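# Summary of structural features
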Amino acid sequence: MKVLVIGNGAREHALCRSLSLDPDVSALHCAPGNAGIAEVAELHPVDALDGEAVAVLAQRLGVDLVVVGPEAPLVAGVADAVREVGIPVFGPSGEAAQLEGSKAFAKEVMAAAGVPTARSYVCTTPEEVAEALDAFGAPYVVKDDGLAAGKGVVVTSDLEAATAHANACERVVIEEFLDGPEVSLFAVTDGDTVLPLQPAQDFKRALDGDEGPNTGGMGAYSPLPWADPKLVDEVLQTVLQPTVDEMRRRGTPFSGLLYAGLAITSRGVRVIEFNARFGDPETQVVLARLKTPLAGVLLAAASGNLEDLPPLRWSEDAAVTVVVASHNYPATPRTGDPINGLDEVAELDAPHAWVLHAGTKWDGDAVVSAGGRVLSVTASGKDLTEARERAYRAVGRIRLDGSQHRTDIAAKAASEA
């Protein structure tokens, strides 16, 4: 099988890494990719948002499957353009991707499907914003209706900050605050059958102890030793399957990766948000634990044959990812700094730890930073304690001037396991 992955982040590097280890994959391509992905796939300089260019590339390469990684190309309809030329694609249509592209649309679908979520108001004027914030009280949860690369959500007890964020958005969803731990659960679906993966937890705040601003994610771990063993089945029955069924009823079937961000509240499981693609950095730990070869799973979803797939096989090992971010992230990050120590990790920590590139590029003979989240250092171990030790040992070998990372990823879960 020849596969083309679209995107250039650590999520795409994780996908490419897993696909490169799949014996059924005879050729692996990525567009546009990054410095790390270049080690496992052939790169092509194509604009990921240009559906026609992606479709032309897929035809020229003669690929059997296209995997669209990021949300922006999905919402832009890149999967539709590839489907139109008759190539199977893992990723929802532009219409179906509105589950992530519009928070208000997602709320509408959840209401129709009877999916438990936070009560909310959709606001377009300063008056509506003031009323909604007053109705819910602090802490305030304010979400930009559209795509914002993981930075569109503000959770704060500061009314002024909440109001400012809301009024800076064209359309905003203001909702009640959900207490309890958060869980990410991915499911692969072909529009009918829904196949949940293993749950993970990610860390959105920039600093230790869940302090600092919201980010795209500073680390993740799986499995969740504290979670109810029945959680996945419950979420499949109350959230994932009803949502997929409702999307099909609407005439916009959802095929690809449905990601449910969940809060385990005192009143039960509630959906915080849906994403229409693999999450970053949770993908890094979930794929680290998946033993079933990945290409066949994605192709079954893309071609509508998911119900014929044997049950997924999972490693009993734990996995931890620590994100190394550039100076000043998540504000305007500094880029262009050389990254050293990658060879040492490959030499001294493999096969238990590896580095997935996010914001990197080649500058002559050097790999340099090219974004806010620069690397995802991932490790596996017999339990979370061992996986953490291996991940942080590898992080310690990496030298990137001014870089930052959290030191507490999975610490609480490991101490309680």
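Reference entry: report on the structure contained in this document. (Residues numbered from 1 in each chain as written. Predicted model: local features only at pLDDT ≥ 70, side-chain atom pairs only at ≥ 80, totals over all residues. Heavy atoms only, no water.)

### Some words on helix α2 (residues 51–61)
When we look at burial in α2, the residues that qualify are Gly51, Val54, Ala55, Leu57, Ala58 and Leu61. Taken end-on, α2 shows its buried residues confined to a sector of 160°, consistent with a single buried face. Exposed and facing more than 90 degrees away from the buried side of α2 are Glu52 and Arg60. Summarising the contacts, the buried residues of α2 are in contact with β1 (2–7), β2 (27–32), β4 (65–68) and α4 (78–84). Where α2 begins, the capping side chain belongs to Asp50, and its oxygen is found 3.2 Å from the backbone nitrogen of Glu52. Positive phi appears at Gly62, one or two residues downstream of α2, with a value of about 65°. (Buried < 20%, exposed > 50% of the residue type's maximum accessible area, 1.4 Å probe, protein only. Helix = DSSP H or I, 4+ residues; strand = E, 2+ residues; numbered from the N terminus. Arc of directions from axis to C-beta. Contact = heavy atoms within 4.5 Å. Polar contact = N/O pair within 3.5 Å; in protein donor to acceptor, adjacent residues only side chain to side chain.)

### As for the environment of Ala38
Structurally, Ala38 can be placed in the loop between β2 and β3 (42–43). The exposure class of Ala38 is partly exposed, given its relative accessible area of 37%. Here the alpha-carbon distance between Ala38 and Pro88, two residues 50 residues apart in the chain, equals 24 Å.

### Focus on empty space enclosed by the protein
Applying the stated criterion to the full structure yields two cavities of 30 Å³ or more. Counting only elements with at least two residues in the lining of the largest cavity, the list comes to α6 (103–113), β9 (172–175) and β17 (268–275). Here the lining of the largest cavity gets four residues from one element, more than from any other, and that element is α6. The residue inventory of the lining of the largest cavity, partitioned by class, reads six nonpolar, no polar and five charged. A volume near 40 Å³ is recorded for the second largest cavity. Around the second largest cavity, the lining residues are Ala14, Arg17, Ser18, Gln284, Leu287, Ala288, Trp354 and Leu356. Listing elements by their share of the lining of the second largest cavity, those giving two or more residues are α1 (10–20), α10 (282–289) and β20 (353–357). A per-class count over the lining of the second largest cavity returns five nonpolar, two polar and one charged. (1 Å grid on protein atoms, 1.4 Å probe; cavity = no way out; pocket = protein on both sides within 12 Å on 5 of 7 lines; lining within 4 Å. Points joined across faces, edges and corners; volume = space filled by probe spheres on them. Nonpolar A, V, L, I, M, F, W, Y, C, P; charged D, E, K, R; others polar.)

### Observations concerning the packing of helix α7 (residues 126–136) against helix α8 (residues 159–167)
Contact geometry for α7 and α8: axes closest at 10 Å, N-to-C directions at 140°. On the basis of their axis angle, the class for α7 and α8 is oblique. As for the relative orientation of α7 and α8, their crossing is right-handed in sense. Two secondary-structure elements touch here, α7 through Pro126, Val129 and Leu133 and α8 through Leu159, Ala162, Thr163, Ala166 and Asn167. (Axes fitted to C-alpha atoms, helices over the stretch in contact; angles between N-to-C directions. Parallel < 35°, antiparallel > 145°, perpendicular 65-115°, else oblique. Left-handed = near helix turned anticlockwise from the far one by under 90°.)

### Details of the pattern of salt bridges
In total, this model carries 25 salt bridges according to the counting rule given. A salt bridge links Asp245 to Arg248; the shortest N-O distance between them is 3.2 Å. Of this pair, Asp245 and Arg248 both sit in helix α9 (residues 231–249), separated by three residues, roughly a single helical turn. We classify Arg248 as partly exposed; its relative accessible area is 36%. Ionic pairing is found between Arg373 and Asp280, a salt bridge with its closest N-O pair at 3.7 Å. Placement of the pair is Arg373 in strand β23 (residues 373–381) and Asp280 in the loop between β17 and α10, with a sequence separation of 93 residues. Within this structure, Arg11, Glu12, Glu71, Glu100 and Arg277 form a network of salt bridges that share partners. (Salt bridge = Lys/Arg side-chain N within 4 Å of Asp/Glu carboxyl O.)

### Notes on the sheet that holds β4
Neighbouring strands of a sheet are bound in pairs by backbone hydrogen bonds; such pairs are parallel or else antiparallel. If you walk across this open sheet you meet the five strands as β3-β2-β1-β4-β5, and the pairing is parallel. Edge strands, defined here as strands with exactly one partner in the open sheet, are β3 and β5 (89–90). Relative to β2, β1 runs parallel, the two sharing six bridges. Note on β2: the bridge partner recorded for Ile6 is Ala31. Across the face of the sheet, α2 comes into contact with β1, β2 and β4 while running at roughly 160° to β1. On top of the sheet, helix α11 (residues 294–302) reaches β4 and β5; it is set at about 95° to β4, its chief contact. (Pairing = 2+ DSSP bridges.)

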